[in-house]
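Structural description and commentary
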Amino acid sequence: QEYEVPSDEKCMTKSETTTIPIEKGTLSGDLMKHPGMGPQLPKKIPGEMIVKIVVKPHTMFQRVNNDLVVDIDISLYEALMGFEREIVHLDGQILHFSVKRGDIVKPGAGMQIRGMGMPMKEDPTSFG
């Protein structure tokens, strides 16, 4: 039979603001565990706080795993005769790219620029 035993120990509820470092390459939906920062009952070890990462969408870039995707509209003239463009990357650097004259760009075509994606979680020095 269970019954409540009176105790002088009390539980206290408090709110606290904390800064949580986010690793490079963290994806939306990743869970970060912080032991000892969760609720605690008398004579018990505090639980862990679990934070679910939600990444806000960017106005220009779209993340697909470790790759960044940008949609750029070009004219028919540019598709047939080539073009040069530049965009400002997420880290602030200016990225120049071009299609040479004579290389015809078909509708829906893509261009891959290696090493300019998001940092990989396992190795933040490598990029998608």
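Reading the values: rules and limits
Residues numbered from 1 in each chain as written. Predicted model: local features only at pLDDT ≥ 70, side-chain atom pairs only at ≥ 80, totals over all residues. Heavy atoms only, no water. Helix = DSSP H or I, 4+ residues; strand = E, 2+ residues; numbered from the N terminus. Buried < 20%, exposed > 50% of the residue type's maximum accessible area, 1.4 Å probe, protein only. Polar contact = N/O pair within 3.5 Å; in protein donor to acceptor, adjacent residues only side chain to side chain. Contact = heavy atoms within 4.5 Å. 1 Å grid on protein atoms, 1.4 Å probe; cavity = no way out; pocket = protein on both sides within 12 Å on 5 of 7 lines; lining within 4 Å. Points joined across faces, edges and corners; volume = space filled by probe spheres on them. Nonpolar A, V, L, I, M, F, W, Y, C, P; charged D, E, K, R; others polar. Core = buried A, V, L, I, M, F, W, Y, C linked by side-chain atoms within 4.5 Å.

Structurally, Thr 26 is set in the segment before strand 1 (31-34). Taking the relative accessible area as the measure of exposure, Thr 26 reaches 7% and is therefore buried. Looking at Thr 26, its side chain comes within polar contact range of the main-chain oxygen of Glu 23, at 2.7 Å. Ignoring anything within four residues of it in the chain, the contact list for Thr 26 reads Ile 53, Arg 63 and Lys 121.

With that settled, consider the layout of surface pockets. One way to see where empty space is left: roll a probe the size of a water molecule over the atoms. For the largest pocket, the calculated volume is near 850 Å³. Lining of the largest pocket is provided by 30 residues; of these, Val 70, Ile 72, Ala 109, Gly 110 and Met 111 occupy positions nearest its centre. Its residues placed into classes, the lining of the largest pocket shows 18 nonpolar, seven polar and five charged.

What follows is about the nonpolar core. Residues Phe 61, Leu 68, Phe 83, Ile 87, Leu 95, Phe 97, Val 99, Met 116 and Met 118 constitute the largest nonpolar core, which totals nine residues. Contributions of two or more residues to this core are made by strand 5 (83-88) and strand 6 (94-99). Top contributing element to this core by residue count: strand 6, with three residues. Once residues within four sequence positions are removed from consideration, Phe 97 is found in contact with Ile 72, Phe 83, Glu 84, Arg 85, Glu 86, Ile 87, Met 111 and Ile 113.

Along the chain, the position of Asp 67 falls in strand 4 (residues 67-69). By relative accessible area, Asp 67 is classed as partly exposed at 39%. Between the alpha carbons of Asp 67 and Phe 127 there is a distance of 8.1 Å; along the sequence they are 60 residues apart.

Everything listed here is a matter of geometry and, on its own, says nothing about what the molecule does.
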